[in-house]
Amino acid sequence: MKKILFIEDDPRLVQSLKDFMAKDEFQLIPAFDGIQGVELVKKELPDLILLDLILPKKSGFEVLKEIKADEKSAEIPVIILTNLENSKDVEKALSAGADTYLVKARYSMEDLVKKIKETVNLKE
């Protein structure tokens, strides 16, 4: 079973994705702020990280920087899932090591799950 760490401060979105992915072979682990997210990355070493950029306690950019600076987690793929659409934010996240940058409003749950599967190399 693939482990996905979802670092997101909106519990409804976390639950929606968890429900939506229940039929797939994924274990969705939630973290509701940046500090908890970094701790869970180290503890769980997930197969993929879904990361919001606007988080309490520590921003998604700081979380991304820490994940990529640690050799144990540096290779874990990171999908940014945020409402920030500014091209500077996109550029900053991708240059910091994010694999994909998705704007929440533009992606359905189906699209998101498809992108997750592509990123962790799962066949549908």
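Refer to the structure printed above.
Bear in mind that the values here come from a model prediction, so they are computed numbers and not experimental data.

Rules behind the numbers
Residues numbered from 1 in each chain as written. Predicted model: local features only at pLDDT ≥ 70, side-chain atom pairs only at ≥ 80, totals over all residues. Heavy atoms only, no water. Salt bridge = Lys/Arg side-chain N within 4 Å of Asp/Glu carboxyl O. Helix = DSSP H or I, 4+ residues; strand = E, 2+ residues; numbered from the N terminus. Buried < 20%, exposed > 50% of the residue type's maximum accessible area, 1.4 Å probe, protein only.

**Thoughts on the pattern of salt bridges**
Turning to step 1, where the next piece is worked out: Overall, the coordinates contain 9 salt bridges when judged by the stated rule.
Turning to step 2, where the next piece is worked out: Note that Lys-104 is salt-bridged to Asp-52, the shortest N-O span being 3.3 Å. Here the residue Lys-104 occupies a position in the loop between β5 (100–103) and α5 (109–119), and Asp-52 occupies one in the loop between β3 (48–51) and α3 (60–69), the gap between them amounting to 52 residues. No difference in accessibility class separates Lys-104 from Asp-52, as the two residues are buried.
Turning to step 3, where the next piece is worked out: Across the salt bridge formed by Arg-106 and Glu-85, the nearest N and O atoms sit 2.4 Å from each other. You can see Arg-106 sitting in the loop between β5 and α5 and its partner Glu-85 sitting in the loop between β4 (78–82) and α4 (87–95), a full 21 residues away along the chain.
Turning to step 4, where the next piece is worked out: Given the relative accessible area of 44%, Glu-85 is considered partly exposed.
Turning to step 5, where the next piece is worked out: Overlapping salt bridges, with partners in common, bring together Glu-8, Asp-52 and Lys-104 in one network.

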